[in-house]
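Per-entry structural report
If you want the building blocks of each chain, they are given just below.
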Amino acid sequence: MEQKNGSSFAGFILLGFSDRPQLELVLFVILLLFYIFTLLGNTTIITLSQLDPNLHTPMYFFLSNLSFLDLCYTTSIVPQLLVNLSGADKSISYGGCVVQLYVSLGLGSTECILLGAMAFDRYAAVCRPLHYTVIMHPRLCALMASASWIIGFSNSLLQTVLIFLMPLCGRNKLDHFLCEVPPMLKLSCVDTTMNESELFFVSVIILLIPVALIMFSYGRIVRAILRIKSAAGRRKAFGTCGSHLIVVSLFYGTAIYAYLQPNNNYSQDQEKFISLFYTVIIPMINPLIYTLRNKDVKGAMKKVFWKDFGSK
């Protein structure tokens, strides 16, 4: 007998890349390596920010939040994906799908807002250097970070409840490698126009308001930098913002492409690879961007690792 409600399912089938079995082994090896690098890179950033007193600043407080967020984000997706890629079993339990959707969406929403807070920090550092320590008080930093997490997971709770209240009428094959809102909508056996409109509206708020704050902040930053007379001063100012701007461009570029255009504008395979980019690749390269472009982080790495090496 056909099951009529999603809550009666034992679970979902994540079809993922099962139509390309020759690709699954290659993806398994690549994603496993990426996941290891993600764990090592983000753990290093968090550890250095705690151990080196020179990194006890608002910038690295937010960077530690971002690294912890990326660790959790990737971990909420990749282990299940690796299990599904390594064998014939492509299933995920109903509860596991709920948790994955809630956690991954919450972390993704939090990152959108956190990147906006980091842009404000860079604005204060470049445009209000004499008042920076007053403006970016530890209490304000903690409040901004907490607000990012609370808003992000509140949005995720709303989205998750709305998604799993939809009748699925026995459908449990998800043409994706994770439980995500757009492919979940396709499982519903009722009209999802209202849900899609609500998703688009919330995505505009969560994505575009921080983007507007970032553009405003960097508009002011560029104006302030252009008024600096020395070339060395301009390079230093650009250096403090360059890493964040690269991360913002990569994250928002893929997120806006994925969520703010009609689903029929790209194929299901494109959707999967776009999702791989912002769920796996970006969390891996974020620590590299901040490490390779940041003298403070490179100096902290030398200091900490040389100290450990010298003590032996």
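Residues numbered from 1 in each chain as written. Predicted model: local features only at pLDDT ≥ 70, side-chain atom pairs only at ≥ 80, totals over all residues. Heavy atoms only, no water.

The name given to the protein in an unreviewed UniProt entry is Olfactory receptor, with the source organism recorded as Erinaceus europaeus. Comment text from UniProt for the protein, heading Subcellular location (unreviewed entry), reads "Cell membrane". We quote the UniProt Sequence similarities (unreviewed entry) comment for the protein here in full: "Belongs to the G-protein coupled receptor 1 family." (UniProt positions renumbered as here; feature names shortened; annotations may be inferred.)

In this structure, Leu31, Phe62, Leu115, Ile221, Tyr252 and Leu276 are the most contacted members of the largest nonpolar core, which totals 66 residues. Examining the composition of this core, we find that twelve residues originate from one element, helix α4 (residues 94-127), more than from any other. The residues touching Ile221, leaving out its near neighbours within four places in the chain, are Arg122, Tyr123, Val126, Cys127 and Cys241. Within the second largest apolar cluster, 18 residues are counted, among which are Ile92, Cys97, Leu105 and Met166. (Core = buried A, V, L, I, M, F, W, Y, C linked by side-chain atoms within 4.5 Å. Buried < 20%, exposed > 50% of the residue type's maximum accessible area, 1.4 Å probe, protein only. Helix = DSSP H or I, 4+ residues; strand = E, 2+ residues; numbered from the N terminus. Contact = heavy atoms within 4.5 Å.)

The next point concerns a positive patch on the surface. On the surface, a cluster of positive charge is contributed by Arg128, Arg220, Arg223 and Arg227. By the element assignment, Arg220 lies in helix α8 (residues 193-226). By relative accessible area, Arg220 is classed as partly exposed at 33%. (Patch = residues over 30% accessible without salt bridge, like charges linked within 9 Å, V, L, I, M, F, W, Y side chains within 5 Å. Areas by Shrake-Rupley, 256 points an atom, 1.4 Å probe, with all protein chains shown as cover. Salt bridge = Lys/Arg side-chain N within 4 Å of Asp/Glu carboxyl O. Lys, Arg positive; Asp, Glu negative; His and termini not counted. Charge placed at Lys NZ, Arg CZ, Asp CG, Glu CD.)

The next thing to look at is the packing of helix α6 (residues 138-165) against α8. With their axes 11 Å apart at the nearest point, α6 and α8 run at an angle of 175 degrees to one another. In this view, α6 runs roughly antiparallel relative to α8, as classed from their interaxial angle. On α8, the residues touching Ile151, Asn155, Leu158, Gln159 and Leu162 of α6 are Asn195, Glu198, Leu199, Val202 and Ile206. In terms of residue class, the contact of α6 with α8 is made up of six nonpolar, three polar and one charged. (Axes fitted to C-alpha atoms, helices over the stretch in contact; angles between N-to-C directions. Parallel < 35°, antiparallel > 145°, perpendicular 65-115°, else oblique. Nonpolar A, V, L, I, M, F, W, Y, C, P; charged D, E, K, R; others polar.)

Reading across from one edge, β2-β1-β3 is the order of the three strands in this open sheet, with mixed pairing throughout. Only two strands of the sheet have a single partner each, and these edge strands are β2 (91-93) and β3 (173-174). Inspection of the sheet shows strand β1 (residues 11-14) paired to β3 by two bridges, in the parallel sense. Looking at β3, one finds that Ile13 is bridged to Lys173. (Pairing = 2+ DSSP bridges.)

In this section: the side chain of Lys90. You can see Lys90 is positioned in the loop between α3 (78-85) and β2. Owing to a relative accessible area of 11%, Lys90 belongs among the buried residues under this scheme. Polar contacts involving the side chain of Lys90 include one to the side chain of Glu24, which spans 2.8 Å. Separated by 2.8 Å, the side chain of Lys90 and the backbone oxygen of Gly87 make a polar contact. Beyond its immediate stretch of four places on either side in the chain, Lys90 contacts Phe12, Ile13, Leu14, Ser18, Glu24, Asn84 and Leu85. (Polar contact = N/O pair within 3.5 Å; in protein donor to acceptor, adjacent residues only side chain to side chain.)

If you walk through the whole model with that rule in mind, you get one disulfide. Paired by a disulfide, Cys97 and Cys179 hold their sulfur atoms 2.0 Å apart. Measuring the twist about the S-S bond at about -120 degrees, one finds the Cys97-Cys179 disulfide to be left-handed. A residue pair is termed long-range when its members are at least 10 positions apart, and Cys97 in helix α4 and Cys179 in the loop between β3 and α7 (181-185) qualify at 82 residues. (Disulfide = S-S within 2.5 Å.)

With that out of the way, let us pick up the packing of helix α1 (residues 21-51) against helix α2 (residues 58-75). At a minimum axis distance of 9 Å, the contact between α1 and α2 shows a crossing angle of 155 degrees. In terms of their interaxial angle, α1 and α2 are classed as roughly antiparallel. Here α1 and α2 pass one another in a crossing that is left-handed. Side by side, α1 and α2 meet where Tyr35, Thr38, Leu39, Asn42, Thr43, Ile45, Ile46 and Ser49 of the first sit next to Tyr60, Leu63, Ser64, Ser67, Phe68, Asp70, Leu71, Thr74 and Thr75 of the second. Tallied by class, the residues present in the contact of α1 with α2 amount to eight nonpolar, eight polar and one charged. (Left-handed = near helix turned anticlockwise from the far one by under 90°.)

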